[in-house]
Structures are given as C-alpha cells and as structure tokens.
Amino acid sequence: MLEFKNVSKIYNGNKKAVDHVNFNVDEGELVVLLGPSGCGKTTLLRMVNQLESITEGDIHLNNKSVKESNKIEMRRKIGYVIQSNGLFPNMTIEKNVMIVPDLLGWDRKKQLDRFNYLMELIGLHPDEYRKRYPHELSGGQQQRVGVARALAADPPVMLMDEPFGALDPIIRTKIQDEFLQIQKEIKKTILFVSHDIDEAVKMGDKIALFRDGQLQQYNHPFEILHRPANEFVSEFVGQDRVLKSTSLYSVKDLVDSVSLTGYQKAGSVQTVQEDTSLRIVISKLLNQEAEQLAVEDTKGKIKGILTLDLVEKFLYKQIKETPKRTG
Amino acid sequence: MKTKKRIAWIVKILFWLIVITFFTWTIMNDMFRPIVEDFGEFTHLLGQHIIIVFISGLLAILISIPLGILVTRKSFQKSEFWIVNMANLGQTIPSLAVLALAMGFLGIGMKAAIVALFIYSLLPILQNTIAGIRSVDKNTIDAARGIGLTPFQILIKIELPNAASSIIAGIRTALVINIGTAALAYLIGGGGLGAWIFTGIRLFDNAFLISGAVPVTLLAILVDYFFKIMQQVLVPKGLRLAKK
C-alpha cells in the first residue's frame, strides 16, 4: 500500500533529516512513526503528501510514485490531521469538514449524509454543531472535527501528525480510545507521528522508531518492547518496557492463554470486564484495592479469579515463548 | 472596572459638551452663512472633494491589495522589502510636498491632486494587507495545503477572509487621512472644500473656515463609520467570534 524506498531528505546540501529509510505499510495498518523531536518523523510524514520534497529515493502509494502524482489530486485522497487541528476559523464546522468533498464536487445530498455520518462517528451531534465555528468548540472537540475533516472524502490513507499531542492527558486518553474504535470500523491505512512511547504502544499495529533520520527498528509494539534491536531502542522504550507492554493485552488474552483459578462464591470480590487492559488490572492488584479480581465476560458471567501470579505467568509465557515476529 | 467605566462616562459627557458648545457658538454667530448663501458653490466644492478622495482611494485599493497579495506569495517574498520601502518613502514625504511634486509632473488641477493622494493612500492599505495575510495561522495554511487546496483556493478561501478585518482597517485609515489631506488639493488648483478653508485663513473669516472644515470633518467621520459597518459585514462570523 505504502512503500518507502531508500527515502532521504537533505537540507541545504548537507543536513540529513531523513536518511535512507526503507519500510512498507500494509493496507489497514496503523503505523506509528516514533522518535525524539528532530528525528525526521514529521518530515517523513510530510514527504508522503509532498508537503516536503524527496531528495533521494521514492515513496510509492498504491504502486505509484508520489513524485509523479498530481500533488493536488493526491492530497485530496489522503487524510491529513495536524496537532493544532488546523481548522479554518472563518468557516463553520460543516464547511470545514466538507471542504474536500466540496472541492471534489459532491452533490449537496451526498455531502449532507456524509457530514451526519462523520459527526456521529466522532460523537458530536450533527445539527448542534453544523453552523458553529471552530472557536466555539473545546480543544478536544476541535481535534475530533479535525479527524472528521480528514475522513470526509473517505481517503484510503491518513497522515496524522501528533494529532492528540496538544490535548490534556485525560482528554487525550479518551480521544485515543475513541479513535481506536473508529479505526476498527473504518480500517484506514494510517501513518501516525508521535514522540510518546505509551501512545505508540497503544495506537500502533506497528511502530517505526527513528533516530537522527535513520530507522532504528520497525516492528510490532510487542517486538519493540521485548526485543529492542539496539541500545537506542532499548533506552527509548525505557526500563519499564515490560510494564508498558501490558497495555498491549486485555484480560481476554490472558484468559485464552493461562487458566484462571476457580471461583467460589465467598465474600465480595471486585470484578473486571474481559476487555480491560492488563495494565489496569496490574495497577488494581498492586494498589491493594484487591488481592484478586473476578473476571466477568460480556454477559456478566464470572469466569474465574485473577491474581498477580497469573499475570506474571502470562507475561513470562508471552515474552519467552512467543515466536519472533517480523514486519 | 467601575472607575474605568466612570472615567469613560466623564470623557463622553465632556466630549459631547464640547461638541454642543462648538455648534451652538457657530450657529449663534452665523458661521455656516456661506453654505446657506451659496449652496450651489458648496455642493460643487463638496462634489470635487468627494471625487478626489473617491478616485484616489479606489485606485489605491485596486493597486495595493493585489500588490500586498503578490508580495506575500512565496516566490515574490524578496520583493517585499523594496515595495514596502518604496511605499514607506511616499509616506515620509510631507503631504504638501507630494502634492507639489505631483503638480510638477502633471501641472495644476484635479489630476495632480488625485495622483498625489493616491500615492499617499498606498502604504496603509498595502501594509495592512501584508500584515493581515501574514497573520493567518501557519498551521491553518499547512492544513489547507495538506488536504489539497490549490494556492489560489488557499488565497480565496483562507487567506483573504482571515485577513479581511486588517485590510478593511487599512482602507479605513487611508480614506480618513485622505479626506483631511484632500483639503490641500486647493493649493495646486485641485478644488475641493480646501478652497473655503484657505480663503477663510487668508481673510481671517471664521465663517468660511468653518463652513469648509466642518463638512470635511463630518465626511471623515461618516466614511469611518461606513467602514466600521463594512468590517462587520465583510469579516466572517467565525472570526468575529474568535476575537471575543
């Protein structure tokens, strides 16, 4: 779907912002471009829709070089979301969201349906927000509208440049969750720039980790966390990488892998849902909120008891026994 | 907050007291006699005044806005320094000297006055156009490029609407200055209400002076008010909300 072939970006003849980068992104995958600031991740992203030119190498989108594509037409087929939302303050929310379909000449009816669908998707009431202006919305709402605008013409590919970076932690977590839900439904091919390893692990199907313009490792979050390719990667993901990896799993993954302790009806036990992140489970268990938790399936039936020992057993199994996966 | 409001009220009351006193004094002393006695001449001079302001202002708008747009394009950025400085130069020369210079080239008459005032009006509009376009958030422009707007569409749909407030403010400033300066047109034979003002000065006749000066002032206030309304009409609602 998206192929980076020996891509380099050289500024002013010597400074290499992006240095011979090679990797492929499959259809429907969300790939996080991760790295410290100045590592070239944003530059690489902007080379896809040709906001930055490519000095060497090439990027292929659907087997076609982006260099040879018509820039304007191509950009209309690529969703683009930036950190500071970039909404047009002079236009209503509806005009903002529908700008690309409007440029593409969609008829009024089709635009209206699409607007209603998108606003429902991002959880804002279409009629309530249609005639309002960006400045009347909160930061989180503006960013949601930014996502809706990028999705407007149903582009197969989306570029997101630290889309949730400017939001406060609570709103950011919420929007990340919402966006993952949306992605489950729309299955876009997404490049997502981030400098936050937690966000990358949470959002990414794969992570591409950069340093000084060079790709350090490109793999599933699990591999990045458990099998860092070099010193830099290991340092970047942090010494608590095992803890970080726990947000990759839900209680259900654990239940499928190790058997729970039997449940006897005795006293009150806290329950957790099957779709809860393992990270939250560990936090609950360590926090002395409970020494054990009862796992509840979607129908409310209790499946068994979960303890720290079991979590440990599960993680051990994952880290030591999972065969090595490659991109 | 309360003291601020009180001061504002006192200033307002004082201002209106002065205005009322002034007009009572002028009317009691029959200062508007020339207008009443020679109404034909008055409308003739007023007409000349308006024509000078209107044509020079319109020319300035037609030249400076496109020029401002041009110098803010990426490929012309280097020319900004020269163009703005040239317009600056026009502004630093005293208005009377610009008129005299224009007369040197075009002879006496209304044409020279129009050209001089045109040169004089260029800078405020040009500067405000450039500042307005430059002040548009870079991220907004980046997003517009990224989702596939052409440079022309970015100009029409994003840059100009967002710069509208600043551009209109520039026109407003230019025209108000222009109306005052147009009184000098009389000195190079350009006509206008300056004719009565300078006659009044020479003859020590306050009636002529005031009959010329007061309509000029009222015209300036009227035009200023008109553009204030235009600002409300032409600036997109979303931006007015943003300011609040």
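Because the structure is a prediction, the values reported are computed rather than measured. Residue positions are given per chain, counting from 1 as you read along its sequence in written order. Chain labels run from A onward and ligand labels from 1 onward, assigned in the order the entries are written. Under the rules for a predicted model, residues below a pLDDT of 70 receive no local features and side-chain atom pairs below 80 are neither given nor counted, while totals for whole chains, interfaces and linings still include all residues. Calculation of side-chain values draws on the structure's entire complement of heavy atoms; hydrogens and water are dropped beforehand.

K.L.:
Teacher, can you tell me more about the overall build of chain A here?
P.N.:
By the criteria applied, helices consist of DSSP H or I runs no shorter than four residues and strands consist of E runs no shorter than two, each listed in order from the N terminus. Helices and strands together make up the secondary structure of chain A, namely 15 helices and 13 strands. Our radius of gyration looks at C-alpha atoms and nothing else; its globule reference is 2.2 Å times the residue count to the power 0.38. Taken over the C-alpha trace, chain A has a radius of gyration of 22 Å; the compact-globule value for 327 residues is 20 Å, and the two agree within 12%. Here the C-alpha coordinates of chain A stretch approximately 65 × 50 × 30 Å along the principal axes. Burial classes: relative accessible area under 20% of the type maximum marks a residue as buried, over 50% as exposed, and values in between as partly exposed (1.4 Å probe, protein chains only). Counting across all 327 residues of chain A, residues that qualify as buried make up 55%. Whether two residues are in contact is decided by their heavy atoms, any of which lying within 4.5 Å being enough. Taking all contacts inside chain A whose residues are at least 6 apart in sequence as the whole, residues at least 24 apart take part in 65%.

K.L.:
Help me understand the pattern of salt bridges in this model?
P.N.:
Between side chains of opposite charge, a pair can form as their charged atoms come close. Every case where a carboxyl oxygen of Asp or Glu lies within 4 Å of a side-chain nitrogen of Lys or Arg is listed as a salt bridge. Evaluation of the coordinates by the stated rule reveals 24 salt bridges over all chains. A salt bridge links Asp154 of chain A to Arg114 of chain A, with the nearest nitrogen and oxygen atoms 3.8 Å apart. Of this pair, Asp154 of chain A sits in the loop between helix H7 (139-151) and strand E7 (157-161) while Arg114 of chain A is found in helix H5 (residues 108-121), placing the two residues 40 residues apart along the sequence. Judged by relative accessible area, Asp154 of chain A falls into the partly exposed class, the value being 44%. Here Arg73 of chain B and Glu159 of chain B are joined by a salt bridge, their closest N and O atoms 2.9 Å apart. Here Arg73 of chain B, found in the loop between helix H3 (39-71) and helix H4 (79-92), pairs with Glu159 of chain B, found in helix H8 (residues 151-181); they are 86 residues apart in sequence, far enough to count as distant. For Arg73 of chain B, a relative accessible area of 22% gives the class partly exposed.

K.L.:
Is there a simple way to explain the UniProt feature "transmembrane region" (unreviewed entry) in chain B in this structure?
P.N.:
All names here are of chain B. Mapped onto the present numbering, the UniProt feature "transmembrane region" (unreviewed entry) falls at residues 7-28, 48-70, 108-126, 175-201 and 207-227. With 89% helix and 0% strand, the stretch residues 108-126 has end C-alpha atoms that lie 28 Å from each other. Spanning residues 175-201, this segment combines 56% helix with 0% strand, and its end C-alpha atoms are found 25 Å apart. UniProt positions are given in the numbering used here, feature names are shortened, and annotations may be inferred rather than shown by experiment.

K.L.:
Mind showing me how you'd approach the domain arrangement of chain A here?
P.N.:
Bring the parts together and some accessible area is lost; that lost area is often taken as the interface size. All names here are of chain A. An automatic or database domain assignment supplies the start and end points of every domain. Splitting chain A by domain gives domain 1 (2-238) and domain 2 (249-321). Between the C-alpha centres of domain 1 and domain 2 the distance comes to 34 Å. Contact with domain 1, which involves four residues of that partner, is made by four residues of domain 2. Here the quantity called buried area is the total loss of accessible area, with a 1.4 Å probe, experienced by two parts when brought into contact, counted for both. Summed over both sides, the interface of domain 1 with domain 2 buries roughly 330 Å², with 47% coming from carbon and sulfur.

K.L.:
What is the right way to read the interface of chain B and chain A from this model?
P.N.:
Residue-level contacts link 22 residues of chain B with 24 residues of chain A. Between chain B and chain A lies a buried interface of about 2000 Å² when both sides are counted; carbon and sulfur atoms form 63% of it. In this assembly, chain B and chain A are joined by one salt bridge. With a closest N to O distance of 2.8 Å, Asp142 of chain B and Arg46 of chain A form a salt bridge.

K.L.:
Mind showing me how you'd approach the sheet that holds strand E12 (residues 293-296) of chain A here?
P.N.:
Each strand in a sheet pairs with another by means of backbone hydrogen bonds, the pair being arranged parallel or else antiparallel. Residue and element names in this part refer to chain A. Sheet architecture is open: three strands sit in the order E11-E12-E13, paired in mixed fashion. The open sheet is flanked by strand E11 (271-273) and strand E13 (302-306), the only strands paired with a single partner. Pairwise comparison of adjacent strand axes, ignoring direction, gives a mean angle of 35° for this sheet. For two strands to count as paired, DSSP must find a minimum of two bridges between them. Pairing geometry for E11 and E12, over three bridges, is parallel. Bridge pairing in E12 links Thr271 to Ala294. Across the sheet, helix H14 (residues 278-286) touches E11, E12 and E13, and the angle it forms with E12 is around 155°. Axis definition: a line fitted to C-alpha atoms, over the contacting stretch in the case of helices. Angles run 0 to 180 degrees between N-to-C directions.

K.L.:
Sorry if this is basic, but what is going on with the sheet that holds strand E8 (residues 189-194) of chain A here?
P.N.:
Residues and elements named next belong to chain A. Strand order in the open sheet made by the six strands is E6-E7-E8-E3-E9-E10, with mixed pairing throughout. Edge positions in the sheet fall to strand E6 (78-82) and strand E10 (214-219), since each of these pairs with one other strand and no more. The sheet shows a mean angle of 15° between the axes of neighbouring strands, direction not considered. Bridge count between strand E3 (residues 30-34) and strand E9 (residues 206-211): four bridges; the pairing is parallel. When the bridges of E9 are listed, Val31 appears paired with Lys206.

K.L.:
Please explain the UniProt feature "domain: ABC transmembrane type-1" (unreviewed entry) in chain B as it appears in this structure.
P.N.:
The UniProt record annotates "domain: ABC transmembrane type-1" (unreviewed entry) at residues 46-227 of chain B. Helix and strand shares over residues 46-227 of chain B are 82% and 0% respectively, and the end C-alpha atoms of the span are 20 Å apart.

K.L.:
How should I be thinking about the domain arrangement of chain B in this particular structure?
P.N.:
Per the domain assignment, the segments of chain B are domain 1 (1-30) and domain 2 (38-243). Domain 1 of chain B and domain 2 of chain B are separated by 30 Å when their C-alpha centres are compared.

K.L.:
What's the story with the nonpolar core in this structure? I'm lost.
P.N.:
Here is a general trend for soluble globular proteins: nonpolar side chains tend to be buried in one another's company. Definition used in this section: a nonpolar core is a set of buried Ala, Val, Leu, Ile, Met, Phe, Trp, Tyr and Cys residues joined via side-chain atoms within 4.5 Å. Ranked by internal contacts, the top residues of the largest apolar core, which has 48 residues, are Ile52, Ile65, Leu99, Ala113, Ile125, Ile171 and Ile179 of chain B. Secondary-structure elements contributing two or more residues to this core are H3, helix H5 (95-106), helix H6 (110-134), H8, helix H9 (194-203) and helix H10 (206-234) of chain B. Top element by residues in this core is H6 of chain B. It accounts for 10 residues. Ignoring sequence-local partners within four residues, the contact set of Ile125 of chain B consists of Ala60, Ile61, Ser64, Ile65, Gly170, Ile171 and Ala174 of chain B. The next biggest cluster of nonpolar side chains, apart from the first, holds 45 residues, and it includes Leu2, Leu44, Ile78 and Phe88 of chain A.

K.L.:
When you look at the UniProt feature "domain: ABC transporter" (unreviewed entry) in chain A in this model, what are you seeing that I'm missing?
P.N.:
UniProt tags residues 2-237 of chain A as "domain: ABC transporter" (unreviewed entry). Within the segment residues 2-237 of chain A, helix and strand shares are 39% and 26% respectively, and the terminal C-alpha atoms sit 26 Å apart.

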